[in-house]
Amino acid sequence: MADHLHSQPPPDAVKPPPISDHKPLLPQGTYVIQIPKDQIYRIPPPENSRKAQKLANRKPKRSCCCRCLCWTLAAVFILLILLAVAAGVLYLVFRPEKLKYSIDNVSVTGINLTSSAPISPKITFGIRSENPNDKLTVFYVGKGSSVDVHYGDVKLCNGVLPTFRQDANNVTVIPTVLRGENIVLARDVHSRLVKQERERRVPLKLTVKAPLKVKVGAVKTWEMKVTVKCDVAVDRFVQKSKIVSQSCDYRVDLW
């Protein structure tokens, strides 16, 4: 009976399992499933999904400045259309005629060509303004006006146009006094002036710029600007200069 009994070795005598280079086995209850790479779908985290949904549902916001600009442009466009219609109606009703401008008389003092000393000219122009319209009144505003006289590139004198009202079917001669001080003429300019005065034909350029308003019936317009340009030649620089030739043209700027 003793032959069938074997002694059990002590617990400390149990040999540890051999060390293996392979990865440890997965715990029980774990399964490995192999899926082809092209069938793997990435699912975003919940917070990213909510953010994407929020952005997709967001309505585009229009800028307040953009809306203001659109309304302003629309208002300006409508106003221009109304003004054009009003101007067309006024033209058809009143049939306005063109204003006419010319030089009535010229007086020159302060220019002595017998010496080369600086000159201080005083030139008075009688500017003739004719309003041939039956129902149109013109108001010339002196403030902001300018009148210049040039001989070639030399500015001889300047001044302003007086304020006045011109009624319908009216002709007015506006005396306009222009002054210059201590103008030194170059030698060639002085010689040319002397020669042209001897020939009794001295060319001058007159430029008038003046604000004006027009009243048609009971309607008075906004302030516009008229520019009159005249090429006028006089026989010589004297107190009662004779006008040899003249040509005047003008334009009206509505704005």
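Rules of the game
Residues numbered from 1 in each chain as written. Predicted model: local features only at pLDDT ≥ 70, side-chain atom pairs only at ≥ 80, totals over all residues. Heavy atoms only, no water. Helix = DSSP H or I, 4+ residues; strand = E, 2+ residues; numbered from the N terminus. Contact = heavy atoms within 4.5 Å. Areas by Shrake-Rupley, 256 points an atom, 1.4 Å probe, with all protein chains shown as cover. Expected span 1.5 Å × (residues − 1). Buried < 20%, exposed > 50% of the residue type's maximum accessible area, 1.4 Å probe, protein only. Arc of directions from axis to C-beta. Disulfide = S-S within 2.5 Å. Pairing = 2+ DSSP bridges. Phe/Tyr/Trp six-rings, centres within 6.5 Å; stacked < 30°, edge-to-face > 60°. Lys NZ or Arg CZ within 6 Å of the ring centre and 35° of its normal.

**With respect to the overall build of the protein**
The helix and strand tally for the protein stands at 3 helices and 11 strands. Listing every helix and strand of the protein by position from the N terminus yields α-α-β-β-β-β-β-β-β-α-β-β-β-β. Looking at the protein alone, contacts between residues at least 24 apart form 68% of all its contacts between residues at least 6 apart. Summed over all atoms, the accessible surface of the protein reaches about 19,500 Å², with 57% contributed by carbon and sulfur.

**With respect to helix H3 (residues 187–198)**
Its 12 residues place the ends of H3 17 Å apart at the C-alpha level, agreeing with the 16 Å of an ideal helix rising 1.5 Å per residue. Of the residues making up H3, those classed as buried are Val189, His190, Leu193, Gln196 and Glu197. Take H3 and look down its axis: the buried residues cluster within an arc of 130°, on one side only. Residues of H3 that are exposed and point more than 90 degrees away from the buried face comprise Arg187 and Arg198. Phi turns positive one or two residues past the end of H3, at arginine 200, with a value near 60°.

**Things to note about the state of the cysteines**
Summed over all chains, the structure comprises 1 disulfide. Between the sulfur of cysteine 230 and that of cysteine 248 lies a disulfide, 2.0 Å long from S to S. Looking down the S-S bond of the cysteine 230 and cysteine 248 bridge, the torsion is 115°, so its handedness is right-handed. Here cysteine 230, found in strand E10 (residues 224–234), pairs with cysteine 248, found in strand E11 (residues 243–253); they are 18 residues apart in sequence, far enough to count as distant. The exposure class of cysteine 230 is buried, given its relative accessible area of 3%. Classification of cysteine 248 by relative accessible area gives partly exposed; the value is 25%.

**Considering the pairing of strand E4 (residues 146–151)**
Judged from the 5 bridges that link them, E4 and strand E8 (residues 202–216) form a sheet pairing that is antiparallel. Across the sheet, the residue bridging to serine 146 is lysine 209, located in E8. Pairing geometry for E4 and strand E5 (residues 154–159), over 5 bridges, is antiparallel. When the bridges of E5 are listed, valine 149 appears paired with cysteine 157.

**Observations regarding the packing of aromatic side chains**
A full pass over the atoms with the stated rule returns 3 aromatic pairs. Taken together, a centroid distance of 5.4 Å and an interplanar angle of 10° make the contact between tryptophan 222 and tryptophan 255 stacked. One end of the pair, tryptophan 222, is in the loop between strand E9 (219–220) and E10; the other, tryptophan 255, is in the segment after E11, and 33 residues separate them in sequence. One cation-aromatic arrangement involves lysine 220 over phenylalanine 139; the distance from NZ or CZ to the ring centre is 4.2 Å.

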